[in-house]
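Chains, contacts and geometry: an overview
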Amino acid sequence: MTVESTAARKPRRSAGTKRASAKKPPSRDTELVQLLTPEGKRVKHAEYDPYVADITPEELRGLYRDMVLTRRFDAEATSLQRQGELGLWASLLGQEAAQIGSGRALRDDDYVFPTYREHGVAWCRGVDPTNLLGMFRGVNNGGWDPNGNNFHLYTIVIGSQTLHATGYAMGVAKDGADSAVIAYFGDGASSQGDVAESFTFSAVYNAPVVFFCQNNQWAISEPTEKQTRVPLYQRAQGYGFPGVRVDGNDVLACLAVTKWALERARRGEGPTLVEAYTYRMGAHTTSDDPSRYRHDDERISWEAKDPIQRLRSYLASETDTNEGYFGELEAESEALGRRVREVVRAMPDPDHFAIFENVYADGHALVDEERAQFAAYQASFVSEGEGE
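Cut-offs applied
- Position labels on residues start from 1 in each chain and follow its written sequence.
- A pLDDT threshold of at least 70 governs which residues receive local features in this predicted model, and a stricter bar of 80 or more applies before side-chain atom pairs are shown or counted, although totals over entire chains, interfaces and linings include all residues.
- Side-chain measures were taken over the full set of non-hydrogen atoms in the model, leaving aside hydrogen atoms and water.
- Strands are runs of DSSP state E lasting at least 2 residues, helices are runs of H or I lasting at least 4, and numbering of each runs from the N terminus.
- Contact criterion: two residues are considered in contact whenever any of their non-hydrogen atoms come within 4.5 Å of each other.
- Exposure was quantified through the Shrake-Rupley algorithm and a 1.4 Å probe, taking into account, for residues, occlusion by the shown protein chains and nothing else.
- The convention is simple: Lys and Arg are positive, Asp and Glu are negative, and His and the chain ends are not counted.
- By convention, the charge on Lys lies at NZ, on Arg at CZ, on Asp at CG and on Glu at CD.
- What makes two strands pair is DSSP finding at least two bridges between them.
- To get an axis, fit a line to the C-alpha atoms, keeping to the stretch in contact for a helix; angles then go from 0 to 180 degrees between the N-to-C directions.

This brings us to the overall build of the chain. Counting its regular elements, the chain contains 12 helices and 7 strands. Seen through its principal axes, the chain has C-alpha atoms that stretch 90 × 60 × 50 Å. A separation threshold of at least 6 residues defines the contact pool for the chain, and within that pool the share at least 24 residues apart is 74%. About 20200 Å² of surface is accessible on the chain, with carbon and sulfur atoms providing 50% of the total. Taking the average place of the 43 positive charges on the side chains of the chain and the average place of its 57 negative ones, the gap between the two points comes to 11 Å.

On to the sheet that holds strand E3 (residues 209-215). Across the sheet, which stays open at both edges, the 5 strands sit in the order E1-E2-E3-E7-E6 with parallel pairing between neighbours. The sheet is open, and its two borders are formed by strand E1 (111-113) and strand E6 (243-247), each paired with just one other strand. Sheet twist, expressed as the average angle between the axes of neighbouring strands with direction ignored, equals 20 degrees. Note: E6 against strand E7 (residues 272-277), 5 bridges, orientation parallel. Bridged to Val-244 within E7 is Val-274. Packed on one face of the sheet, helix H7 (residues 193-204) meets strand E2 (181-186), E3 and E7 and runs near 150 degrees to E3.

Dropping the structure here:
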């Protein structure tokens, strides 16, 4: 039996055949899971409220602080790239709630497989933000020990980290541990074969893994409707495990849904797909120009759903958080920006010839030839003041 798109032509029935009565397969609530509206109002959700029922005002302020400092770090990194201090930067602007909410749902013994945009998750795992910048400056291949924080190095190849996460989760299950694994990827990566293979293996082997898709609406310049004919979270049904769509700009909802999915994994109930429905406010990377393929009206409409502002509104109206707290946090964020700037500018310039090292264990004639050509090219530049 095949399942056709609702847009497909309805099949003919032979004369005399009787339509089989079939019950609609069970599925999760198709509505967006939301606990905090864009205006900062708390709304009830019977299924996910228990996962944040005991959260304190201090913990809420902690989530707010995480998002503010992560955004400040991200803005500084973008500025540093524009000033020539970094080769490239992938901004998370607008996706802070998805990353902080899911990141704070993790236990210390859980393991994270990120892409290259999970700066907020790295913050939650205790990775020094300045360590994220070495790779983007070209001075290392990742500036932290993955085993020190259970946070894997950034993965540039689109979608491959979902396979790494699935294999690691299968190993966790074989070891008898009750920890879980989470893999981050974007809506564009959902079209990769690696992701489909990960879904298959994780479902068949009941791997304790959460697939956390940040649907920021654009795979570089391709909109989501060019990636899928159904909501992304519904793809999980075809692989035999649950999927849920959460408001990716609602840090409380992201925290609750991710806790639920991680607990399922730890109980041995297998994988879950979480689609965090959010928006990439900036460019895909600093080499991208989003004005070439999307309208400002779209961005402006999403600005009204800003994840940081909605939690600030809730804190101001429903807790004893005063303006003094917000002022102190602003000063802390500026101090973070200064530290990041100073650390990056103190980093060494990248070795222009490092690209030729470690390609082959014993060297290679073609690599030697290319190295010589590159050396000649570098030597062709005349230093300032040397003349023609």
